[in-house]
Amino acid sequence: MVEEPIKNCCHKTKERTEKEYKDLIHRLNRIEGQVRGIKGMVEKDVYCTDILVQVAAVNAALNSFSRVLLSNHIKTCVTQDIREGKEETIDELVATLQKLMK
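Residues numbered from 1 in each chain as written. Predicted model: local features only at pLDDT ≥ 70, side-chain atom pairs only at ≥ 80, totals over all residues. Heavy atoms only, no water.

Considerations on the overall build of the chain
Helix and strand counts for the chain stand at three helices and zero strands. When the helices and strands of the chain are read in sequence order from the N terminus, they spell out α-α-α. Compactness check: the chain gives a C-alpha radius of gyration of 17 Å against a globular reference of 13 Å for 102 residues, more than 25% above the reference. In terms of overall dimensions, the chain has C-alpha extents of about 55 × 35 × 25 Å along its principal axes. Counting the 102 residues in the chain, one finds 18% classified as buried. In the chain, the proportion of contacts linking residues at least 24 apart, taken out of those at least 6 apart, comes to 53%. Summed over all atoms, the accessible surface of the chain reaches about 8700 Å², with 57% contributed by carbon and sulfur. For the chain, the separation between the mean place of its 17 positive charges and that of its 16 negative charges on side chains is 4 Å. (Helix = DSSP H or I, 4+ residues; strand = E, 2+ residues; numbered from the N terminus. Rg over C-alpha atoms; globule rule 2.2 N^0.38 Å. Buried < 20%, exposed > 50% of the residue type's maximum accessible area, 1.4 Å probe, protein only. Contact = heavy atoms within 4.5 Å. Areas by Shrake-Rupley, 256 points an atom, 1.4 Å probe, with all protein chains shown as cover. Lys, Arg positive; Asp, Glu negative; His and termini not counted. Charge placed at Lys NZ, Arg CZ, Asp CG, Glu CD.)

Structural notes on the environment of Thr 96
Here Thr 96 shows up in helix H3 (residues 88–100). Taking the C-alpha atoms as reference points, Thr 96 and Ile 82, separated by 14 residues in sequence, lie 16 Å from one another. Looking at Thr 96, its side chain comes within polar contact range of the main-chain oxygen of Glu 92, at 2.9 Å. (Polar contact = N/O pair within 3.5 Å; in protein donor to acceptor, adjacent residues only side chain to side chain.)

Remarks on helix H2 (residues 48–83)
If you check H2, its first and last C-alpha atoms are 51 Å apart, about what 36 residues at 1.5 Å a residue would give, namely 52 Å. Helix geometry: H2 is bent most strongly at Ile 74, by close to 35°. Of the residues making up H2, those classed as buried are Ile 51, Val 58, Ala 61, Phe 65, Val 68, Asn 72, Cys 77, Val 78 and Asp 81. Close packing links the buried residues of H2 with helix H1 (18–43) and H3. Two residues or fewer past H2, Gly 85 is found with a positive phi of approximately 80°. (Expected span 1.5 Å × (residues − 1). Bend = angle between axes of the 7 residues up to and from the residue.)

Re a nonpolar patch on the surface
On the surface, Tyr 21, Ile 25 and Leu 28 cluster together into a nonpolar patch covering about 250 Å² of accessible area. By the secondary structure assignment, Ile 25 is in helix H1. Judged by relative accessible area, which is 32%, Ile 25 ranks as partly exposed. (Patch = residues over 30% accessible without salt bridge, like charges linked within 9 Å, V, L, I, M, F, W, Y side chains within 5 Å. Salt bridge = Lys/Arg side-chain N within 4 Å of Asp/Glu carboxyl O.)

Comments concerning the pattern of salt bridges
One pass over the full model with this rule turns up eight salt bridges. The partner of Lys 39 in a salt bridge is Glu 43, and the shortest N-O contact between them spans 4.0 Å. With Lys 39 and Glu 43 both in helix H1, this residue pair falls four residues apart, about one helical turn. With relative accessibility at 56%, the residue Glu 43 sits in the exposed group.

Let's talk about the nonpolar core
Grouped burial of nonpolar side chains is what soluble globular proteins tend to show. Core analysis: the biggest nonpolar cluster contains nine residues, these being Leu 24, Ile 31, Ile 38, Met 41, Ile 51, Val 58, Ala 61, Phe 65 and Val 68. Elements represented by at least two residues in this core include exactly H1 and H2. With five residues, the top contributor of residues to this core is H2. If sequence neighbours within four positions are ignored, Leu 24 has contacts with Arg 16, Phe 65, Val 68 and Leu 69. (Core = buried A, V, L, I, M, F, W, Y, C linked by side-chain atoms within 4.5 Å.)

Note that every value here comes from positions in space, so none of it alone points to a role or purpose.
If you want it as structure tokens, here you go:
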């Protein structure tokens, strides 16, 4: 099944290694499963604090995903752009970090 590209999201693309791709997809699949589990807990009227513990676990997993993705981005895209003299990439990175730190 071929998915339609996300529109109005990104103007650049990134070719990832097979290892990086598999790691990111694996993390996202786990997070997706955790979110479905939380939905099931709500549907079964599970006690609020038990759900909140699972929400905290999802938040931690998303933060971990973001750290891995950011690290890969800096080591590949940002480094390559700096080597090519594209200093606007630094401004883009700073803006991205500001969004992540809200």
